[in-house]
Amino acid sequence: MRIGAVTRSAGRRTYSLPLSLLMKRKFEQSTSLSRAIDCGVRTWKFTADKRLITGSARSSSLSSISTGRVPLADSPNRPYKMADQPKPKLELDEGEQQLTDLLREAISTPGVFGDPDVEVRYAGGWVRDKILGKPSHDIDIAVSTISGHEFAVAFMGWVGRTHPEVGEASSTTVAKILANPEKSKHLDTATARFGGKIECDFVQLRTETYADSGDTRTPSATGVGTLEQDAERRDCTMNALYYNVQTGEVEDPTGRGLEDLRGGMIRTPLAPRQTFLDDPLRVLRCLRFASQFRFEIDEDTFATMATPEVQAALDRKVVRERIGIEVGKMLNGIDPARAILALHSRGLYPIVFHPVANADGEEREDAWFDRVTEAMGSLEGEVAEALAGYMKDGRLWLAIALLPYAHDLLPPNKRGARDPLPSFIVRDRLKLPNSADLLVRALFPPPTRATDATTPPTGAELSVKKALPELTFNGSCEIVVPGNAAFEDLSEVERERLVLGRMVKTLGVGTWELALWVSCQTGVYAGCDSKTKPFVFLAKKLNDTYPDIVPTLAGKPLLDGKALKKQVYDALGCTKVTLMRALVDKAALYQAAFAETTDAEERLVRLLKGWLKAEMLE
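Residues numbered from 1 in each chain as written. Predicted model: local features only at pLDDT ≥ 70, side-chain atom pairs only at ≥ 80, totals over all residues. Heavy atoms only, no water.

**Remarks on the packing of helix H24 (residues 492-507) against helix H26 (residues 533-545)**
- Contact geometry of H24 with H26 gives a least axis separation of 11 Å together with a crossing angle of 105 degrees. Compared by their axis directions, H24 and H26 come out roughly perpendicular. Where H24 approaches H26, its residues Glu496, Leu500, Met503 and Val504 are matched on the opposing element by Leu538, Lys541 and Leu542.
- Considering only residue class, the contact of H24 with H26 consists of 5 nonpolar, no polar and 2 charged. (Axes fitted to C-alpha atoms, helices over the stretch in contact; angles between N-to-C directions. Helix = DSSP H or I, 4+ residues; strand = E, 2+ residues; numbered from the N terminus. Parallel < 35°, antiparallel > 145°, perpendicular 65-115°, else oblique. Contact = heavy atoms within 4.5 Å. Nonpolar A, V, L, I, M, F, W, Y, C, P; charged D, E, K, R; others polar.)

What follows is the structure in structure tokens.
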């Protein structure tokens, strides 16, 4: 994961940047929910025995997730697999090979580094990804006897002097992450960009010591360590693999990393209890890796995640931003459904999101989690096709994860308003970007009427349908277009277009499909007992029957403000400023009723005049 670009300048310079600034950039990049991942369109369904199926591949049953391991290792749908060979030989791309060759040359050149016996290795995720055949352009370079910053400055300076053609394509700026003993950051590290595309983090092999008790996951002491000690401090064995630059071989200090990677197993290097209590964030990282690679979680590791001791440490020691980063990666990953289900099965939902009890004191997560599994079960066929884009960029999975809280509100604020709990979770519990909060507010809107703390809202009050009083369905879940005297000049098709346009405008032009689906999941529309059929019917209407409605609402208005004032507002002698503002909104909405015909503008003016006359009489 990248920390972020550092300011470039001519010549070699070293900048000392505070860790907080680099972590802020790192957080902003990693929590973006708009980053699309090309994982394709998958269909989700549940068989009679509640077995979750992803595409045509078998996956694990919900009962097995709740009682033990997550059996994924033998799934034919694993995105990456290790070649069947005793000891892998890594195939480096051109840039990686160039970096490796230059590191070897620098190490063998007397006087480049302070210690001629320094050992250099690539560590962690890059090694894992290369073995699995997964592209990666972030390399952690671990050195043995000098600090990562000292090594980086010496190496990048040597590259600039002896290989200027490479130096020109590389960033000659080395960013130093300062040691800070007060925050238990005892070793300097550094970052730089090599060859224009490889992000390098230079670190020193280290050992970490954690306090037996405390409220932080930061080590109480960090020192120079051996290869084995460096491996033991990592989250799982497959991330404790190293590529020795001098020998060109993969090293496995724990003795289980290659075996676990080959078998698709998530296992901690030390006893799970010690690994998780030292740094409880590793619980979420292990779950993320299991869903990201569709790997199995070791039985002891999986069971330890659910222990009260570990969960209390996770809640106490890990800052909310770090939890939000991991959740964001889960939702943007290969198998978000599995991550959501595993969080619930391990009892982590209240810690990650928010513990809420209903009026009877019943835990909200358990009482309402069936909404999540039911929603996942609907993601097949036409529903999956309509929501494909939202699957790819994580927005759908964020909505699904928040469904247990769909009807919950915060206590009234000073103005008496009650924010939806999902918005609070995204903003204050997960610390996700403002764009995520705006999305969630559109998906889980607050009630339209004032409610006090003692009056729980009903599903109808919180459902999106509250703003669409004329949107009803018949027994076949087909939309019923009501008659309306104000629109008697419109044909039945135009009235239907107007109803659909109003719906899109209310739900949000950019997210109407997802908002509509959430609305269907959180409440059944009048006249229809299905949560899926209304969505399919309306999506077909807007995508197939009237594909111009959404572009019309998103595009340039048929009448701008000046034309509206002249042809409607002034023409009727209206003087209420508030009605002019409302007129602009109505014009943007009403134009959805008309197809692109030669008299569309004339008919729109006539319709708006009828509306404005009625408003002026009130």
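From this point, things continue past the structure.
**Considerations on the environment of Ser423**
- Within the secondary structure layout, Ser423 lies in helix H21 (residues 421-429).
- Spatially, the C-alpha atom of Ser423 lies 8.1 Å from that of Leu438, the residues being 15 residues apart in sequence.
- The residues contacting Ser423, other than those within four sequence positions of it, are Asp437, Val440 and Arg441.

**Looking at the packing of helix H10 (residues 281-293) against helix H14 (residues 336-345)**
- Two elements in contact, H10 and H14, have axes whose closest approach is 8 Å; the angle formed by their N-to-C orientations is 145 degrees. Here H10 and H14 pass one another in a crossing that is right-handed. Residues Leu284, Leu287 and Ser291 of H10 form the contact with H14, whose participating residues are Arg338, Ala339, Ala342 and Leu343.
- Here the contact of H10 with H14 is composed, by residue class, of 5 nonpolar, 1 polar and 1 charged. (Left-handed = near helix turned anticlockwise from the far one by under 90°.)

**Some points on the environment of Ala539**
- Assignment of secondary structure puts Ala539 in helix H26.
- C-alpha of Ala539 to C-alpha of Leu387: the two residues are 152 residues apart in sequence and 9.9 Å apart in space.
- Beyond its immediate sequence surroundings of up to four residues, Ala539 is in contact with Ala386, Trp512 and Asp544.

**What about the nonpolar core?**
- The biggest cluster of nonpolar side chains holds 131 residues, and the ones touching the most others in it are Phe155 and Trp517.
- Those residues within four positions of Phe155 in sequence are excluded, and the remaining contacts are Leu99, Leu102, Leu103, Ala106, Phe113 and Phe202.
- Grouped together as the second largest cluster of nonpolar side chains are 23 residues, Leu498, Tyr569, Leu589 and Leu608 included. (Core = buried A, V, L, I, M, F, W, Y, C linked by side-chain atoms within 4.5 Å. Buried < 20%, exposed > 50% of the residue type's maximum accessible area, 1.4 Å probe, protein only.)

**A short note on the pattern of salt bridges**
- Counted under the stated rule, the structure contains 28 salt bridges.
- Residue Asp428 is joined to Arg427 by a salt bridge in which the shortest nitrogen-to-oxygen separation is 3.1 Å.
- Given the relative accessible area of 29%, Arg427 is considered partly exposed.
- Measuring nitrogen to oxygen at the nearest pair gives 3.7 Å for the salt bridge that ties Asp437 to Arg441. Within this pair, Asp437 and its partner Arg441 are both found in helix H22 (residues 434-443), separated by 4 residues, close to a single helical turn.
- Judged by its relative accessible area of 28%, Arg441 falls in the partly exposed class. (Salt bridge = Lys/Arg side-chain N within 4 Å of Asp/Glu carboxyl O.)

**Regarding the packing of aromatic side chains**
- Summed over the entire model, instances satisfying the criterion amount to 13 aromatic pairs.
- On the basis of an interplanar angle of 80 degrees and a centroid distance of 5.0 Å, the ring pair of Tyr122 and Trp126 is categorised as edge-to-face.
- The interplanar angle of 25 degrees and the centroid separation of 6.3 Å between the aromatic rings of Phe155 and Trp158 together place this pair among those described as stacked. A residue pair is termed a helical-turn pair when its members lie 3 or 4 positions apart in one helix, as Phe155 and Trp158 do in helix H5 (residues 148-162) at 3 residues.
- Of the residues examined, Phe155 reaches a relative accessible area of 0% and is grouped as buried.
- Aromatic ring contacts, followed pair by pair, group Phe113, Phe151, Phe155, Trp158 and Phe202 into a single cluster.
- Taking the ring centre of Phe289 as reference, the NZ or CZ of Arg288 above it sits at 4.7 Å.
- Taking NZ or CZ as reference, Arg346 lies 4.1 Å from the ring centre of Phe302, over its face. (Phe/Tyr/Trp six-rings, centres within 6.5 Å; stacked < 30°, edge-to-face > 60°. Lys NZ or Arg CZ within 6 Å of the ring centre and 35° of its normal.)

**Considerations on helix H12 (residues 308-317)**
- Buried residues of H12: Val310, Gln311, Ala313, Leu314 and Lys317, and no others. Along the long axis of H12, the arc covered by the buried residues comes to 160 degrees, so they all point the same way. (Arc of directions from axis to C-beta.)

**Section: the side chain of Ser378**
- Looking at the element boundaries, Ser378 is found in the loop between helix H17 (370-377) and helix H18 (381-386).
- By relative accessible area, which is 10% here, Ser378 ends up buried.
- A polar side-chain atom of Ser378 sits 2.7 Å from the main-chain carbonyl oxygen of Ala375.
- With sequence-adjacent residues up to four places away left out, Ser378 is seen in contact with Val383, Trp517, Gln521 and Thr532. (Polar contact = N/O pair within 3.5 Å; in protein donor to acceptor, adjacent residues only side chain to side chain.)

**Notes on the environment of Gly257**
- Inspection of the secondary structure assignment puts Gly257 in helix H8 (residues 257-263).
- Overall, the relative accessible area of 0% leaves Gly257 in the buried class.
- Between the alpha carbons of Gly257 and Met238 there is a distance of 4.5 Å; along the sequence they are 19 residues apart.
- With residues near it in sequence (within four places) discarded, Gly257 still touches Thr237, Met238, Leu241 and Asp252.

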